[in-house]
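The lines below spell out each chain.
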Amino acid sequence: MGRLSREDSWKVNSWFALFFLPFIWFMLIFGPILDTSLGNFGDISALVSIPLCFRLFFHRVPNRLRRLVWILAGISALALTSAILMDSNILNVASRAILRPIKAVLFLLGTYSAVEYTFSKLSDAGTPTQKFNFLASLIYSCILFHGLIMIYEFMDPVFRDFVYSFTTAKDQLEFYKLYRMAGLTGAGGAQVSVIQSLGFVIGLYLVGQGRWTGFYLMGNLLLIFSIIVTGRSGFISVVISVVIYGWQLINNLQVNKRIVNLIVKYTLIVLLVTSVSVWVLPNLVQNENFGYAWQTFDVFFGDKVTDSDRGGDETISTLSDMFILPESFSHLIFGRASYLEINTYYSVFTDIGYMHIIWAYGVIGLLLHLFFYGAVIAYLFGVFRRNSLMRSPALLGLILVSLILFFNVKELFFFARMSFQITMAIFIAVLLCEKQSMAKIRL
């Protein structure tokens, strides 16, 4: 898609909305969990979702989203049943498995409300693709801003300690806090790394739309640096997305013959990478913690990282020993809610997200989880095949949701904070924009 002209571009209805929307989206995605006596009730992103959900009393929720809500309700009901039957003496431990799908409902409906509100503030003259791109750029800007916070934390330990002082990040990253930045989150390195990489994928999509190319390329370079200072998992997303969009670029070259534009874009990429490298690398060499951060990537270069190097990692070999299933048949099929805390309350040590789901919700619960994400993927794939106007946005949604399915092998990424809001926002935006595009086609 070519560069949009000023005459046919979307317009925001008010200056208030233009400044208010980025704030709402940032708090919805990256609102921190405050380290207070309130516990999980100090989750700012959840608190932002509540008034957004109240808006839905005046707006009809699409049937497709209603079905997803019913799936989440089924998962919660399954956990509640197993908790009553088998964990009645430790309901406080089992409660997280019960509340987790309910919290996902809150984020799903809150995200839908935020997408609908964003689109309501855009001019009706805008095309569905233009509206989708505006939302994608909003989400991208939020992820980029969070990346800048992480980079500044790495460069300035005083600022890092100040942020950690009022968030739960200090509990999650106490050992790694010198070289693994958590931003405003309380999540571990892999979670944050993948979240930042989702922004990189969105940036590649926006580059392909032909608008603000230099901004998104420079932003993606900063996102790569934010991935370096938190973990290596996000680089898998970077490589996969570069391959997919690189192939798409070559395909466009064969079909559209846009040789001049491609040469300009690649030249710009080289200039940006060179200029940033010349400016950043000397400063990084002087930062002693960057050496520890870079050790995270030793596995890619064939160097064995021992426990004495940085607390032990060897992720691939470790994960291969974590496929641990319940021995009881009833536990395997129906799960036990309290076992969502297997690494803390029980002595069953596995990081694999699929294993966590089986232990807590059983095979039935795992199928419900997969049915939720499968329904999203099936819809996006259908849009990709049938609607040429929404093919690129649908492809973006397919990539993001598929990455969540993939990374759930590493940790529990299903319904996880931040990544869930990002992926569902893209999915919901495709849903609403395709509905608008089909209505225009009928007219």
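Residues numbered from 1 in each chain as written. Predicted model: local features only at pLDDT ≥ 70, side-chain atom pairs only at ≥ 80, totals over all residues. Heavy atoms only, no water.

### Notes on the confidence of the model for the protein
Of the residues in the protein, 73% reach a pLDDT of 70 or more, and the chain-wide mean stands at 79. Predicted confidence for residues 1-9 stays below pLDDT 50, and this span has 13 contacts to residues more than four positions away or in other chains. Counting interchain partners and residues more than four positions distant, the pLDDT-below-50 stretch residues 296-313 has 32 contacts. (pLDDT = per-residue confidence, 0-100. Contact = heavy atoms within 4.5 Å.)

### Thoughts on helix H6 (residues 157-165)
Of the residues making up H6, those classed as buried are Arg160, Val163 and Tyr164. When H6 is viewed along its axis, its buried side chains cluster within an angular range of 95° and face the same direction. Along H6, exposed side chains directed more than 90 degrees from the buried face belong to Val158 and Phe162. Of the residues that open H6, the one with a side-chain oxygen 3.1 Å from the backbone nitrogen of valine 158 is aspartate 156. (Buried < 20%, exposed > 50% of the residue type's maximum accessible area, 1.4 Å probe, protein only. Helix = DSSP H or I, 4+ residues; strand = E, 2+ residues; numbered from the N terminus. Arc of directions from axis to C-beta. Polar contact = N/O pair within 3.5 Å; in protein donor to acceptor, adjacent residues only side chain to side chain.)

### Describing the pattern of salt bridges
Within the structure shown, the criterion is met by eight salt bridges. For arginine 336, the salt bridge goes to aspartate 87, with nearest N and O atoms at 2.6 Å. With arginine 336 in the loop between helix H15 (329-334) and helix H16 (353-386) and aspartate 87 in the loop between helix H3 (63-86) and helix H4 (91-120), this residue pair connects regions lying 249 residues apart in the sequence. In this structure aspartate 87 comes out as buried when scored by relative accessible area, which is 0%. A salt bridge links arginine 96 to glutamate 341, with the shortest nitrogen-to-oxygen separation between them at 3.3 Å. (Salt bridge = Lys/Arg side-chain N within 4 Å of Asp/Glu carboxyl O.)

### Things to note about the packing of aromatic side chains
Two measures describe an aromatic ring pair: the distance that separates the ring centres and the angle between the ring planes. Following the criterion strictly, the structure yields 21 aromatic pairs and no others. Note on phenylalanine 406 and phenylalanine 407: the rings are 5.2 Å apart at their centroids and 75° apart in plane angle, and the pair reads as edge-to-face. Relative accessible area serves as the criterion here: at 2%, phenylalanine 407 is assigned to the buried category. Plain terms: the ring middles of phenylalanine 407 and phenylalanine 413 are 5.8 Å apart, the flat faces sit at 45° to each other, and that makes the pair tilted. As far as burial versus exposure is concerned, phenylalanine 407 and phenylalanine 413 are alike and both buried. One aromatic cluster is present, built from ring pairs that chain together Tyr354, Phe372, Tyr373, Phe414, Phe415 and Phe420. Over the face of the ring belonging to phenylalanine 384 we find arginine 391, whose NZ or CZ atom lies 5.5 Å from the ring centre. (Phe/Tyr/Trp six-rings, centres within 6.5 Å; stacked < 30°, edge-to-face > 60°. Lys NZ or Arg CZ within 6 Å of the ring centre and 35° of its normal.)

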